[in-house]
Structure formats: C-alpha cells, structure tokens
Amino acid sequence: MADEKKLSAVEDVKSLSNFLRGTIAEDLASDADGFAKPNTHLLKFHGMYQQDDRDNRGASAEGKSSKEISLMTRTRIPGGILTSVQMIAHLDLCDEIGNSTLKCTTRQALQLHCIPKSRIRETIQRIHAVNLSTLAACGDVNRNVMCCPAPIRDAIHDEMRRATMALKDHLAPRTRAYYEIWLKDDASGEESLVGGGEPEVEPIYGPTYLPRKFKIGVALPQDNCIDIYTQDLGFLAVVREGAVVGYNVLVGGGLGTTPSAKKTFPALAKRMAFCTPDEVCQVAEAVVKVQRDNGNREDRKRARLKYLIADQGIEWFRGQVEQYFGRALPDCTEDDVHDFDDHMGWAEQGDGKWYYGWNVENGRLYDSEDRRWKSAIREICSLLNPGINLTAHQSMIFTDIAEEDKQTLEDVIRRHGLPLSEEISTVRRWSMACVALPTCSLAVTESERVLPGVMDVMEAELAKLGLDQEAFTVRMTGCPNGCARPYNADIGLVGKTKNKYTIFLGGQLIGTRLGTIFKDLVPLEEIVPTLVPVFAAYKHHRQTSESFGDFCHRVGNENLHAWAAST
Ligand code: SRM
Ligand code: SF4
C-alpha cells in the first residue's frame with residue numbers, strides 16, 4: 001500500500017466512539033475511581049478532564065504512588081455572559097462538591113476542580129438546570145467562543161454578541177451522547193439538547209470531529225481584550241458610521257509549543273479575507289471543514305490549524321476556504337487591532353445603567369479568613385442581581401447596576417476584605433497566571449499560586465524606579481502550553497522545568513506581536529532580580545510614551561543584556 005499514514009491513537013478513539021459515547025456510561029456505572037484511558041479523551045468533548053490533586057499524591061501500602069482521581073469540569077460561557085443565578089449555581093457546586101474554589105478562565109469560562117466521579121452526573125445536571133453546558137468546552141471541536149465582554153448597549157456590541165451566539169450554535173456538536181450519558185434522568189425532563197429521534201449525524205464535524213481543539217474570538221480594532229491574534233479563527237469587527245459592516249477574518253493563531261520539538265511554535269493569526277455579518281457562520285464552517293479534511297491527524301503536536309497554514313501557505317488556505325464557502329471573499333479592509341481595554345472599574349453601559357469591572361487575581365474565587373471572593377459575589381448577587389460577564393483576563397464585570405446601587409457594590413467588596421480594581425497596581429491588574437499545580441497534570445512549575453508573590457516584589461521594585469503607573473502585561477504559565485497567553489505579553493514567564501522559568505520579552509499589550517526569549521531557566525526567586533535592570537534600562541532609554549514591550553522589542557535582547565550587565 002502506498003505510504004499510508006498512521007493516525008494518532010486519539011483518532012482511533014474518536015472513530016470507534018459512536019459519536020463520543022465510547023464506554024463512558026459503563027465506566028460511570030462501575031465502582032472504579034476513574035474512567036478508562038480512551039474514555040478520558042472522549043470526556044474532554046463533554047467538558048471534563050480526569051485529574052488528580054498533585055498535592056495529595058501519596059504512597060500506597062505497596063509503595064507505589066497513589067492518586068486521588070477526580071474531575072475538572074469546564075462550563076462553556078459564550079462571550080462570558082452569565083446571570084447571577086448561573087454564577088451562584090457554580091459557587092454552590094464548588095462548595096458542595098468541588099474543592100471550594102471556582103476558577104474564571106482565560107477564555108471567559110468557569111472551571112470546577114476535584115469533582116469525585118460519584119458526583120459528576122449531579123454536577124453536570126445542576127449546570128444544565130441553569131441553562132448552561134459543558135459540552136464542547138474542551139475536545140477536538142470548536143470551544144467557547146470569546147467576545148468582548150463589555151456590556152455596552154449599542155449596535156456594535158449587539159452585533160458582536162449576535163455573531164458570538166450564532167457561531168456557538170452553528171458549530172455545536174450534534175451528538176446526543178451528552179444528553180444520554182449525563183442528563184437523561186434529569187429533573188428538567190428535556191427530550192434532547194439537539195435533534196429529536198433522527199439518526200445521528202455530525203453535519204459539520206463528521207464522525208471523527210476535528211484533528212485538534214479549535215478556538216474562535218470576536219473583537220474590535222480599538223479593543224482587543226480577547227486576544228484575537230491567538231485564536232484559530234478571529235472575527236475583527238469592521239465598523240462604519242456606528243455599525244458593524246463586516247469582519248476581517250483572521251486564521252491560524254495558537255500558542256501551544258513544545259520547546260524540545262522544533263516543529264512546534266506559537267503563532268499569531270494571519271489576516272485572510274473580509275466577510276459580512278450574515279456570512280460569519282458559513283465562513284467559520286468553511287474554515288472548520290478545511291481543517292477537518294486537511295489538518296494533521298497523525299501527530300497531535302502538529303494538528304492545530306496554525307500548522308496547516310504554515311505548511312500550505314495562507315493563499316492556499318484561503319483558496320480552500322473559498323471553495324467550501326462557494327465563492328471568492330474580498331480582501332481584509334485596512335482595519336486592524338490598535339488598542340485594548342480590560343474593562344475594569346466603573347463605566348456607563350449606554351442605557352442609563354453602569355457596569356463595574358472587578359479584577360479577580362488570577363481568576364481564582366475562594367474564601368479565606370481575610371479575603372472572601374465567594375461571599376462578596378453571593379452578597380452582590382443577592383442584593384443587586386446583576387449580570388456577570390467574565391473577561392478574557394480571568395476577571396468579571398457586574399452589569400446593569402443602577403446609579404444608586406454603585407456604593408452598595410463597592411461597600412460589599414470592601415467589607416469582604418477585597419480591593420477595588422482602582423486600588424490594584426497596574427502591573428498586578430494586567431497580570432494573569434494559568435491554573436498549573438496542583439490540578440493540571442501538565443504543569444512543570446507553579447503558576448497561579450506563586451504569581452501573587454512575584455507581583456509583591458515586582459510592584460515594590462517598579463515603585464522604587466517610579467514606573468508603578470506603567471501599564472504592561474505579565475503572564476505566567478506552569479508549562480509551555482501557553483494557557484495564560486504568555487507569548488504575546490510584554491513579559492511572559494513560562495515554566496520550563498522544576499521551579500525554573502523562561503522569560504520572554506517584547507510582546508505587547510494589544511497582542512499583535514510575539515515576544516522572544518530573554519533568559520532561560522530562571523529560578524522563581526530570580527525572576528524579579530533578573531528583570532529589575534531591564535526596568536531600569538527602560539526608564540533611562542525609552543522613547544516618549546513607549547511601552548515596556550515596545551521598548552524591549554525595539555532595542556533587542558542583546559542591548560538589554562548589555563545594559564543589564566553594566567548595572
Ligand atoms: Fe489550556 C491544556 C487550562 C486556556 C493551550 N489547559 C490545558 C489543560 C486542560 C491540561 C490538560 O490537558 O490536562 C489545563 C487544565 C488545568 C486545570 O487543572 O484546570 C488547561 N487552558 C487552561 C485554562 C483553565 C487556564 C486558566 O488558568 O485560565 C484556560 C481555559 C480556557 C477555557 O475556558 O477554555 C486555558 N489553553 C488556554 C489558552 C489560552 C486561550 O485559548 O486563549 C491556550 C493557548 C492558546 C492555544 O490554544 O494555542 C491553551 N491548554 C493549551 C494547550 C496547548 C495546545 C497546543 O496547541 O499545543 C494544552 C495542551 C494540549 O492541548 O495538549 C492545554
Ligand atoms: Fe497546565 Fe501548562 Fe496550561 Fe498551565 S499552561 S494550565 S501548566 S497546561
């Protein structure tokens with residue numbers, strides 16, 4: 001047989017799964033702690049990861065390492081838009097079933113950790129009971145569609161939210177497996193999530209779904225808060241006279257990389273073509289189908305859309321998309337990303353109400369003796385019943401607040417020992433860290449648990465240099481997969497090996513440039529001391545209103561090292 005390529009093991013699992021069923025139901029019924037390996041791949045499509053709390057690994061009686069198996073669930077929240085009731089339902093779940101914390105993610109979703117298998121169905125059913133779902137939050141399908149979370153009531157944001165919801169619906173998996181496995185006997189009594197009794201078919205994905213995960217974001221040129229250049233597929237709104245007339249379509253962003261494998265790399269998306277608002281779903285479908293039929297299914301490390309585009313070229317890719325779409329698409333307009341807003345603090349939404357962006361450090365909601373995030377949110381929800389929009393920076397926006405309730409909201413936050421966004425230093429406010437230890441099985445270093453300490457030291461050093469008002473992004477991850485998007489930040493801190501990080505410099509706040517390696521294998525406690533001379537060089541050699549990332553990019557690593565050595 002001529003050169004038949006060997007598919008990755010996950011492809012076999014998908015093709016034998018009968019539309020994502022596998023033997024998940026059988027595993028659920030068994031007494032085993034967890035699910036069998038092939039089912040753990042399928043569980044991702046259902047929005048769950050089998051994990052263990054790595055802090056609690058112990059030795060069994062036989063001397064082998066023992067793990068307490070549990071599940072992480074990720075609730076898909078398109079555009080991050082939630083109600084108070086939905087937020088409270090998640091807080092209840094984390095308290096009653098999970099590890100009593102809730103994580104706001106970098107893609108505007110919510111994660112529960114440490115759910116025992118014995119209570120996973122109940123968890124999914126309770127999420128479903130508040131009209132949310134974990135289906136397609138993970139897995140080789142289109143995941144949570146991101147959109148600017150600012151609750152601005154105008155034609156532009158309304159259109160972007162419409163496109164987001166339409167994309168979510170259009171690209172949703174059609175399998176009834178989710179309903180059968182998790183919801184069938186649920187109290188809502190719904191017949192099915194999608195479809196009725198028709199034969200099962202996945203009209204867009206087919207039976208083996210996509211070669212790899214797929215991510216979409218919708219943004220504005222003046223507000224790239226969702227990091228559109230890191231998405232597999234981005235729709236950048238083109239606005240004329242107060243209305244969205246269409247979108248520039250960006251393709252092939254993605255950040256995951258394996259430093260030891262040269263064939264992998266982070267990539268920013270490429271500008272492909274323009275489409276009108278009513279063409280958004282058909283264009284997305286065409287892009288998905290080109291990736292479905294041409295993406296790499298042999299090597300999962302090279303299976304993201306960015307590699308297909310790198311290998312075949314953007315012109316080839318665009319031609320394929322146009323074939324699936326049915327006709328040629330116009331070129332992108334000149335509109336491009338030029339600014340960013342994290343939407344923190346108070347702002348009017350355009351309908352007489354206010355919104356308040358509240359910075360949640362690294363997205364982790366918990367109650368400790370002196371900082372009570374969960375209690376504050378519960379109280380705000382019960383007093384004011386606001387909408388809650390999750391941001392792409394692991395924070396949240398309380399929406400629809402009446403002028404006379406603004407003080408109440410601030411009082412509640414303070415009473416629970418938490419700072420208002422305006423009281424947080426800019427460097428901390430614009431920092432992010434991925435989950436990493438103890439739950440992430442891929443973590444090689446700490447991230448979320450140590451970044452606050454790094455920030456304490458960095459804040460003090462920046463204040464000494466008089467740079468505390470400078471706005472730049474510091475993003476940390478516990479491995480090179482890039483979950484907190486470190487590679488296009490001003491400063492990226494990427495876990496490389498135990499307690500050691502690679503420092504990337506030269507990305508930028510608006511997310512349109514990748515940083516480069518400044519120093520590798522820097523121990524955690526050396527991160528700030530390594531950066532202080534660079535901050536000093538920035539202070540002395542920067543051009544007027546040049547940002548930190550732009551400065552590092554302009555002068556280059558060689559100069560930065562030379563200045564650092566001379567201080
Ligand atoms: Fe991620 C895998 C957490 C956003 C790139 N990511 C994981 C897993 C599921 C680990 C695993 O496979 O076992 C992590 C779960 C940890 C835990 O215990 O909760 C995880 N990723 C996260 C979250 C929760 C980080 C956070 O602290 O907020 C984010 C959830 C987003 C969501 O709500 O859907 C998260 N992950 C991202 C992003 C950022 C983004 O999408 O904007 C990226 C980089 C962009 C990209 O996709 O290229 C990202 N995660 C990855 C990768 C590398 C993918 C690749 O192409 O190589 C992996 C590993 C993999 O897929 O094999 C990964
Ligand atoms: Fe885990 Fe790595 Fe993602 Fe952090 S970047 S959550 S350590 S996979």
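Whatever comes next refers back to the structure up there.
Given the structure is predicted, the values throughout are model-derived calculations rather than measurements. (Residues numbered from 1 in each chain as written. Chains lettered and ligands numbered in written order. Predicted model: local features only at pLDDT ≥ 70, side-chain atom pairs only at ≥ 80, totals over all residues. Heavy atoms only, no water.)

Caption draft 1: Examining the site of ligand 1 more closely. Taken together, 30 residues lie around ligand 1, and Thr105, Lys215, Leu255, Cys483 and Arg485 are the ones closest in. One of the side-chain N or O atoms of His113 is found 2.7 Å from an oxygen atom in ligand 1. Note that an oxygen atom of ligand 1 is positioned 3.4 Å from one of the backbone N or O atoms of Gly256. Only strand S1 (48-52), strand S4 (69-75) and strand S7 (110-115) provide two or more residues apiece to the shell around ligand 1. A per-class count over the shell around ligand 1 returns 10 nonpolar, 12 polar and 8 charged. (Near = heavy atom within 4 Å. Polar contact = N/O pair within 3.5 Å; in protein donor to acceptor, adjacent residues only side chain to side chain. Helix = DSSP H or I, 4+ residues; strand = E, 2+ residues; numbered from the N terminus. Nonpolar A, V, L, I, M, F, W, Y, C, P; charged D, E, K, R; others polar.)

Caption draft 2: Structural view of the sheet that holds strand S21 (residues 500-505). Taken together, 5 strands build an open sheet; the order of strands is S18-S19-S20-S21-S22 and the sheet is mixed. With partners counted over all chains shown, the strands left at the sheet margins are strand S18 (431-433) and strand S22 (516-523), one partner each. When strand polarity is set aside, the average angle formed by the axes of neighbouring strands in this sheet is 20 degrees. As paired strands, S18 and strand S19 (residues 474-477) are joined by 3 bridges and run parallel to one another. Each bridged residue has a counterpart across the sheet, and for Ser431 the counterpart in S19 is Val474. The strands that helix H16 (residues 548-566) touches are strand S20 (491-497), S21 and S22; relative to S22, the one it contacts most, it runs at about 70 degrees. (Pairing = 2+ DSSP bridges. Axes fitted to C-alpha atoms, helices over the stretch in contact; angles between N-to-C directions. Contact = heavy atoms within 4.5 Å.)

Caption draft 3: Just the side chain of Arg161, in detail. Its place among the elements puts Arg161 in helix H6 (residues 155-170). On the basis of relative accessibility, which here comes to 14%, the residue Arg161 falls in the buried class. When residues no more than four places from it in sequence are discounted, the contact partners of Arg161 are Ile81, Cys147, Ala150, Pro151, Ile152 and Arg153. (Buried < 20%, exposed > 50% of the residue type's maximum accessible area, 1.4 Å probe, protein only.)

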